[in-house]
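Here is how the chains run, residue by residue.
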Amino acid sequence: PLRPRSLTHGVDWRNMATPAEKKEARAKGWQKPDLIGVWNDIKAKKKITGFPPGKALEYLIIRSFDIDGIKVRWPYDIATPQKVGTVEQVDGFVHLGDRGFIVEAKDLASPVSIETVAKLRFRLESRPPGTMGLIFSMKDYTSPAELLTQFAMPRNIILWGRDDIDYGISADRMKIGLEKKIDFI
């Protein structure tokens, strides 16, 4: 509910967008050529206007699936009802058919470690059965991270390396890439 006008000093709070809403609106405006340009800027480590380091990759991945006709949920935070703050930050969510995928995007200077995979596996335990995880990495993965995704049961995490992302975005094949990776599991 809106606060009484006297408490808001005449500000119309309904038209105030949060930082996340501003990023989402900006990303929703990206068309196919924009995606390729943003992707090239991310690879070149250029600053993307309106996005702190690492955030542009999250929105790029979600917008790429969105453009490919897949139902998405943009990055969001999960807070507790007790108002202790954010307990989980989700980089996005993708729905393919009747299956849901939590997205984790990592634009790090080093390969993604086993800790990232283990944390995502833990987060998946609190989700409905069949929910899977997608990790997108600019620097690929350590051997232990790859082994955990290959041998831990259930096999519920799919890794996307820089080449996978490059192909998915430049060839407009994010959905096809995801379907092929699911078949491989």
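Conventions adopted
Residues numbered from 1 in each chain as written. Predicted model: local features only at pLDDT ≥ 70, side-chain atom pairs only at ≥ 80, totals over all residues. Heavy atoms only, no water. Core = buried A, V, L, I, M, F, W, Y, C linked by side-chain atoms within 4.5 Å. Buried < 20%, exposed > 50% of the residue type's maximum accessible area, 1.4 Å probe, protein only. Helix = DSSP H or I, 4+ residues; strand = E, 2+ residues; numbered from the N terminus. Contact = heavy atoms within 4.5 Å. Salt bridge = Lys/Arg side-chain N within 4 Å of Asp/Glu carboxyl O.

Undergrad: Would you take a moment to explain the nonpolar core for this structure?
TA: Generally speaking, soluble globular proteins have nonpolar side chains that are buried together. Membership of the largest hydrophobic core comes to 33 residues, with the highest contact counts inside it found for Leu60, Phe65, Val94, Leu134, Phe136, Trp160 and Leu178. Of all the secondary structure elements, the ones that give two or more residues to this core are helix H3 (32-43), helix H4 (55-67), strand E4 (93-96), strand E5 (99-106), strand E6 (132-137), strand E7 (157-160), helix H7 (162-170) and helix H8 (174-184). Among the elements that make up this core, the one with the highest residue count is H4 (seven residues). The residues contacting Phe136, other than those within four sequence positions of it, are Leu57, Ile61, Phe65, Val103, Glu104, Ala105, Lys106, Tyr141, Trp160, Ile165 and Met174.

Undergrad: Which parts of the structure should I look at to understand the pattern of salt bridges?
TA: Side chains that differ in charge, positive against negative, can pair when their charged atoms come close. Within this structure, the stated rule accounts for eight salt bridges. With its nearest N and O atoms 2.9 Å apart, the salt bridge here joins Lys43 to Asp166. With Lys43 in helix H3 and Asp166 in helix H7, the pair connects residues that are 123 residues apart, well separated along the chain. Lys43 sits in the partly exposed class, given a relative accessible area of 24%. Relative accessible area serves as the criterion here: at 27%, Asp166 is assigned to the partly exposed category. Across the pair Arg123 and Glu104 runs a salt bridge whose closest N-O atoms are separated by 2.9 Å. Here Arg123, found in helix H5 (residues 114-124), pairs with Glu104, found in strand E5; they are 19 residues apart in sequence, far enough to count as distant. For the pair formed by Arg123 and Glu104, the shared burial category is buried. One salt-bridge network, in which partners are shared between bridges, spans Glu104, Lys106 and Arg123.

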